[in-house]
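# Overview (structure and organization)
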Amino acid sequence: GTGVGGFLEVLFSTRSLSDLVNRVDLLSSIAQQDNRILTQIKALKAQVTEDIRRREAARAALQNRSTAIRQEKPSIHGPRRTAKGA
């Protein structure tokens, strides 16, 4: 099983004191490894979140620059002349 029930099942199914000690050591090692993995997952999640935030900020900056360039374009070429005014 998993969870507390699985933990207790492992402990109570021992045949001797030495078997119990070995199982406790094994469960302790598993718990430590689980904690290391969880810490790594949290760090990676924070990194991904920060990467997403930076990319969204860069995308917004590019969008703003693109909009500014489109708005500047008519002034670079001067006013447009129509066939009637030529």
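See above for the structure.
We now turn to the structure provided with this report.

A few words now on the side chain of D19. On the secondary structure map, D19 appears in helix α2 (residues 17-77). Since its relative accessible area comes to 18%, D19 is described here as buried. Looking at D19, its side chain comes within polar contact range of the main-chain nitrogen of R15, at 3.2 Å.

A cluster of nonpolar side chains, contributed by V4, F7, L8 and F12, occupies part of the molecular surface with about 440 Å² of accessible area. Examined against the element boundaries, F7 turns out to sit in helix α1 (residues 3-12). Under the relative-accessibility criterion, F7 is labelled partly exposed at 39%.

Per the counting criterion, the structure on display carries 5 salt bridges. Note that R53 is salt-bridged to E50, the shortest N-O span being 2.6 Å. With a gap of 3 residues between them, R53 and E50 both fall in helix α2, about one helical turn apart. Among the ionic pairs, R54 bridges to E50, the shortest N-O distance being 3.3 Å. One end of the pair, R54, and the other, E50, are both in helix α2, 4 residues apart, so they sit about a helical turn from each other. Exposure remark for R54: the relative accessible area of 47% places this residue in the partly exposed category. According to the relative accessible area criterion, E50 is partly exposed, its value standing at 28%.

Cut-offs and rules
- Residues numbered from 1 in each chain as written.
- Predicted model: local features only at pLDDT ≥ 70, side-chain atom pairs only at ≥ 80, totals over all residues.
- Heavy atoms only, no water.
- Helix = DSSP H or I, 4+ residues; strand = E, 2+ residues; numbered from the N terminus.
- Buried < 20%, exposed > 50% of the residue type's maximum accessible area, 1.4 Å probe, protein only.
- Polar contact = N/O pair within 3.5 Å; in protein donor to acceptor, adjacent residues only side chain to side chain.
- Patch = residues over 30% accessible without salt bridge, like charges linked within 9 Å, V, L, I, M, F, W, Y side chains within 5 Å.
- Areas by Shrake-Rupley, 256 points an atom, 1.4 Å probe, with all protein chains shown as cover.
- Salt bridge = Lys/Arg side-chain N within 4 Å of Asp/Glu carboxyl O.

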